[in-house]
Every structure is written in structure tokens, then in C-alpha cells.
Amino acid sequence: MDWGNVTVEDLVDALREVDWSSPPRPPSEFFSRFTVPKSFAKWDSRLKCNLYYYRTNYFIMIVFILGLGFLTRPLAILAAILTALSVAFLNDSFAGSFNEKATRTVRRFSPQLAAKMRPPLTPAIRGRPSAKRAIHVCGQPRWVFVLIFSLVSFALWYISCGLFTVSLALLIGFLATVVHASLRTPNLKARLNTFREEFRQVWRNYSEI
């Protein structure tokens, strides 16, 4: 795959739809083989490839940096968790997995309530979905949970006076991510993983026809 031809919108869509439940890459792989890209095109391709391949590592690193900044502020830690959840719900795989586990848990105590938590059926035309299926969580559109968690987390940020701290921590986390993604040389495993993800996407689209 030529990452130089991948736009920022394509990368964002890929990160939103890809499965984030995979474990992070081991530290021995994450912190090895750093080189300076020889051109802007190589830097652009390397940055996109590493952001996709080490996505879980970067997410953990940013959350860890946020945690270090809020060790003395419990409300800020809770706000960071809610912020992370609101961002995680933007990912299709996480939202679908959360909805499935929540429905399965509620079904043990109240099958009637679990039935109401099912997402609405998408009408089909000639055996194919008429539109891209919207993601629902606990029977509600995904954006409802994103909005609720975002508002609550913002209120907690304001109460704990941690807006400056979170801004500084996020800036450090994003800078560390960009620096690592720019200098980490993509290995063969990253390229093979990309081809495997592409095959799964193509096969999933084929099976839905």
C-alpha cells in the first residue's frame, strides 16, 4: 500500500472503522529503529503508516501522559476517562462491541429492557442495505453518548480547574506521537498488517453483497 496516496480523510475514516481491541505493539518493537526521513514524501507516508499501525500504543501513551498530569486531581482523572470514552465511541468497532456487551449484561436481568436496547433494523433493497448502517449504543444513536460524555467531562474539567493542565498534557502527548511516528522506521510487519487489514475490509464488503 502506498501511504503517500492516502489522504487525511481516508486515514481518519480508517482509524474510525478499524478494530481497536488489538493489543498494543511490544515496547521492544515500539522503541526501535529510528531514522530521519529523507524527503517530505517519505515523512508523510511514514507518519500515516505509523499512526495506523501503532494506534493503540499512541492512545495508551496519551492517556498515560494525561494521568501523570492529574495525579493530585481526582475529578480531572474522571474527566480524562470520560473524554477518552467519548473519543472511543467515535470508533465503530468499540461502539459496536460496547453495545453488544452492555445488551448481553442487561439481558441477564431484564430481557424486555435488553430488547429495547437493540438497534433499529435497516431497510434493505434487493438484499443490500439501502444506506450505511448507523451505529447505535443501548438503543440510542451513538452521538447521544458522545455528547453526554463530552458535556460531563467538560464540566469536570471546569470544576477541577484542569483545562490548562489537560491542554498542556494533550499538546505534549500529540507532539510525542508525531515525533515518534515521524522517526520510527516502518517495518515489514507494519506493511503486512496493512495488507491484511485491506483484505479483511474487501472480504467484509464482499460478504455483505
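Residues numbered from 1 in each chain as written. Predicted model: local features only at pLDDT ≥ 70, side-chain atom pairs only at ≥ 80, totals over all residues. Heavy atoms only, no water.

- The name given to the protein chain in an unreviewed UniProt entry is PRA1 family protein, and the organism recorded there is Cardamine amara subsp. amara.
- Under the UniProt heading Sequence similarities (unreviewed entry), the entry covering the protein chain gives this text: "Belongs to the PRA1 family." (UniProt positions renumbered as here; feature names shortened; annotations may be inferred.)

**A few points about the nonpolar core**
Here's step 1: With 18 residues, the main nonpolar core has L66, F70, F89 and W157 as its most contacted residues.
Here's step 2: Looking at this core, the elements that each hand over two or more residues are α4 (55-69), α5 (74-88), α8 (142-159) and α9 (163-183).
Here's step 3: Of the residues forming this core, the biggest block, five residues, is contributed by α8.
Here's step 4: Counting residues in each nonpolar core, the second largest holds six residues, with F30, Y53, Y54 and Y58 among its members. (Core = buried A, V, L, I, M, F, W, Y, C linked by side-chain atoms within 4.5 Å. Buried < 20%, exposed > 50% of the residue type's maximum accessible area, 1.4 Å probe, protein only. Helix = DSSP H or I, 4+ residues; strand = E, 2+ residues; numbered from the N terminus.)

**Remarks on the environment of L151**
Here's step 1: For L151, the position within the fold is in helix α8.
Here's step 2: C-alpha of L151 to C-alpha of S86: the two residues are 65 residues apart in sequence and 9.7 Å apart in space.

**Details of α5**
Residues lying three or four places apart along an α-helix face the same way, a consequence of the helix completing one turn every 3.6 residues.
Here's step 1: With 15 residues, α5 should reach 21 Å at 1.5 Å per residue; the first-to-last C-alpha distance of 21 Å fits that figure.
Here's step 2: Looking at α5, one finds that the buried residues are A76, A79, A80, L82, S86 and A88.
Here's step 3: For α5, the secondary structure elements touched by its buried residues are α6 (92-107) and α8. (Expected span 1.5 Å × (residues − 1). Contact = heavy atoms within 4.5 Å.)

**Overview of the packing of aromatic side chains**
Here's step 1: In this structure the tally under the stated criterion is twelve aromatic pairs.
Here's step 2: Ring centres of F94 and F98 lie 6.3 Å apart, and the angle between their planes is 25 degrees; on these two criteria the pair is classed as stacked. Of this pair, F94 and F98 both sit in helix α6, separated by four residues, roughly a single helical turn.
Here's step 3: Ring pairing ties together the aromatic residues F30, F31, Y53, Y54 and Y58, which thus form one cluster. (Phe/Tyr/Trp six-rings, centres within 6.5 Å; stacked < 30°, edge-to-face > 60°.)

**Things to note about unusual backbone geometry**
Backbone phi values are negative for most residues with the exception of glycine, while trans is the configuration of most peptide bonds.
Here's step 1: With a phi angle near 55 degrees, R33 is a residue other than glycine that sits in the positive phi range.
Here's step 2: One can find R33 in the loop between α2 (27-30) and α3 (40-53).
Here's step 3: On the accessibility criterion, R33 (54% relative accessible area) is exposed.

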